[in-house]
Each structure stands twice: as structure tokens, then as C-alpha cells.
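Spelled out, the chains give:
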Number of protein chains: 2
Amino acid sequence: MDTNLLGTQVIAQIGIVVRDIEKTSQAYADFFGVDNPGWSLTAAADAAQTEYRGQRTEARAKLAFFRLGSLQLELIEPDEHPSTWREYLDEHGEGPHHIAFIIEGMKEKVMTLERSRMPLLQKGEYTGGRYAYIDALKPLKMIIELLENDR
Amino acid sequence: MDTNLLGTQVIAQIGIVVRDIEKTSQAYADFFGVDNPGWSLTAAADAAQTEYRGQRTEARAKLAFFRLGSLQLELIEPDEHPSTWREYLDEHGEGPHHIAFIIEGMKEKVMTLERSRMPLLQKGEYTGGRYAYIDALKPLKMIIELLENDR
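Since we're looking at a predicted model, the values are computed, not measured.

Novice: Any chance you could break down the pattern of salt bridges for me, citing the residues and the numbers?
Specialist: In the structure shown here, the tally under the stated rule is 18 salt bridges over all chains. Among the salt bridges present, the one from Glu-77 of chain B reaches Lys-62 of chain B, with a minimum N-O distance of 3.9 Å. Separated by 15 residues along the polypeptide, Glu-77 of chain B in strand 6 (residues 71–78) and Lys-62 of chain B in strand 5 (residues 61–68) bring together distant segments of the chain. In this structure, Asp-150 of chain B engages Arg-130 of chain B in a salt bridge whose closest nitrogen and oxygen atoms are separated by 3.2 Å. Of this pair, Asp-150 of chain B sits in the segment after strand 10 (142–149) while Arg-130 of chain B is found in strand 9 (residues 129–136), placing the two residues 20 residues apart along the sequence. Residue classification places Asp-150 of chain B among the partly exposed positions, given a relative accessible area of 46%. When salt bridges with common partners are traced through the structure, they connect Glu-125, Arg-130, Glu-148 and Asp-150 of chain A into a single cluster.

Printed below as a string of C-alpha cells:
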């Protein structure tokens, strides 16, 4: 096969699930000698329209972002509602959760991946765009996130 | 603290431990629409001088590398001898093992990190350089790899 399924090879982000975002973001700030970026809360369910494994969920998360070279490091502290973040934290503990790619044409990309046996795990909206987490654990040993930003 | 402990913020590599490097490297090649890069075996113990948790080890691994934007993706299939790769695979299963940074002054950097309660986990030599894996699981929820290349 010589078709790139995503239309990009550029990893834009690494996401790490954590139990205490304030503590871990301070540890990263100390490690890299940068300011603590603080955290923000993902939008509430009505705005985010979050779906996890095909079901609407109230799940929200605290997010903190570090810019490291061309890459963004995202720390994620999930709440107790069902989500890929919560599930990963409960099953694997704290650590790397996903790598993310900025794509165009979310619906088509998600359909293409589902046809390639990489099913949609979670999706939602954020201000200026939308995301989808893809279960690529079997072929790629990773969760892949697609990010589509409105122009 | 406003000192960068590594002297860099640029993530150079993401490393993923796998059980079957041929199968997983083909899955990545299909996913990104690129050629399968094949794999190479790390140097034997005498050349690599591998130490894991302070003890010499015979451990070797098959490695495959993909270039993704500014980042290198490394797949690692460890053998059965003691190593951070083998331990991670046995404890966590397949998945992301480390993020790596290219640094200068390996001894000083390792000492600095050990003083910051991030102990050395494994080290070894490769043609043209050397590596060290640092246990940063407690503060950063990740294993950090330092890579030092000779000029």
C-alpha cells in the first residue's frame, strides 16, 4: 500500500494522562525550565458533544499544553465519567495516551480508518475544531488522535 | 526553577516496544504509505557495553526507524535478557516506552538528573554515540532517553 491514510506524517502532539495535572505540569515546567502553562477545562457536554464508544458522555478533562520544538505535549487529567482518558488511566496508569495528527476531512478520514480496522473510540468538539481518537492499538500499539481545525 | 535540565526542549524520538517488529513495522509502513524500513539488531554486549539497573546485561533488541516530520519513530523488539525494554513489555505490554532528546555532555546530564531524583535505568553505546534511559516515571510519567552523538 502506498497511500497515506491520514494525508500527513507529521506528529503534532503527544498526550499523557495524569492523575494530578497541577503537580505533573509543575514537574514538566521545572524539567524544561519554562513557566507552568496552567490548565483549562474541556467544554461541557452540550458544547463538546462528546461521544465515547458511540455513547454521549458527560466526561471532561483538565488540559495543560507545553510547546517542545515542533511538538505539543498535552497533559490530560480526566474526570470520573466514561472516556478514553479515564479508561486508559484505570487500565494502564499514568503515561502516554496518544499521538496526534492535524488532518483535513474528519468524516472521510474516520471512515477510511474504520475500514482499515481502526475504529473510532471517542470524538468531540472544541472551540475552532474537532477531534477523534482512533483505536489503533492492535496494528500500531497506540491510540491515534485526529485534530481538524476550522480555517 | 528556570534552568532547562537537558539543555534542549526538542523531542527527537518516540520509542515504542513491540512483540513482533516485522508485523508492526509493516503496519506503520501501510499506515503512512511509506516503505518498510526493515530492522537492525543492536550491537552485541561487548560493543554496546549495555548496563541495566547497574548490571551488565546481554540484552539486545531489533530496531526499526520511521521519519515522521521532525520526529523519529522507533520500534523496539527486545530479546529475553534483562532490559528496560523487556521490563516495560512484560509490565505494560506493547506501546510507547520513551521520548528521546539529543543532548551534549552525557555524564553531567545523567548526574544532574540523578540529583533531581530521576535515576539512570539503562545505558549503552552505539556506533557514533551513546544512550541513557532515565526513570522519570514519577515526576513526568515517562521514561526519558538521552542520545549523545559524536561529532
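Novice: Describe empty space enclosed by the protein, naming the residues involved and giving the relevant values.
Specialist: Throughout the structure, instances matching the rule amount to one cavity of 30 Å³ or more. Taken as a whole, the largest cavity holds about 40 Å³ of empty space. Considering the residues around the largest cavity, the lining is formed by Ile-14, Pro-96, His-98, Ile-99 and Met-142 of chain A together with Ile-14, Pro-96, His-98, Ile-99 and Met-142 of chain B. Broken down by secondary-structure element, the contributors of at least two residues to the lining of the largest cavity are strand 7 (95–102) of chain A together with strand 7 (95–102) of chain B. Among the residues forming the lining of the largest cavity, the class breakdown is eight nonpolar, two polar and no charged.

Novice: Give a detailed account of the relation of the copies chain B and chain A, specifying residues and quantitative values.
Specialist: When chain B is brought onto chain A, the operation consists of a screw motion whose angular component is 180° and whose axial shift is 0.0 Å, with 0.0 Å RMSD remaining. Such values leave the two copies arranged in the relation of a two-fold axis. Comparing interface residues between copies, 100% of those in chain B also lie at the interface in chain A; the contact surface is shared.

Novice: Pulling in residues and values, what's your account of the interface of chain B and chain A?
Specialist: With 39 residues of chain B at the interface, the matching set in chain A holds 39 residues. Between the two partners, chain B and chain A, sit two salt bridges. Glu-94 of chain A is the partner of Lys-141 of chain B in a salt bridge, and the nearest nitrogen-oxygen pair spans 3.1 Å. There are nine residue pairs in polar contact (both at pLDDT 80 or more) connecting chain B and chain A. Considered class by class, the residues forming the side of chain B that touches chain A number 24 nonpolar, 10 polar and five charged.

Conventions used here
Residues numbered from 1 in each chain as written. Chains lettered and ligands numbered in written order. Predicted model: local features only at pLDDT ≥ 70, side-chain atom pairs only at ≥ 80, totals over all residues. Heavy atoms only, no water. Salt bridge = Lys/Arg side-chain N within 4 Å of Asp/Glu carboxyl O. Helix = DSSP H or I, 4+ residues; strand = E, 2+ residues; numbered from the N terminus. Buried < 20%, exposed > 50% of the residue type's maximum accessible area, 1.4 Å probe, protein only. 1 Å grid on protein atoms, 1.4 Å probe; cavity = no way out; pocket = protein on both sides within 12 Å on 5 of 7 lines; lining within 4 Å. Points joined across faces, edges and corners; volume = space filled by probe spheres on them. Nonpolar A, V, L, I, M, F, W, Y, C, P; charged D, E, K, R; others polar. Least-squares fit on C-alpha atoms with pLDDT ≥ 70 in both. Contact = heavy atoms within 4.5 Å. Polar contact = N/O pair within 3.5 Å; in protein donor to acceptor, adjacent residues only side chain to side chain.

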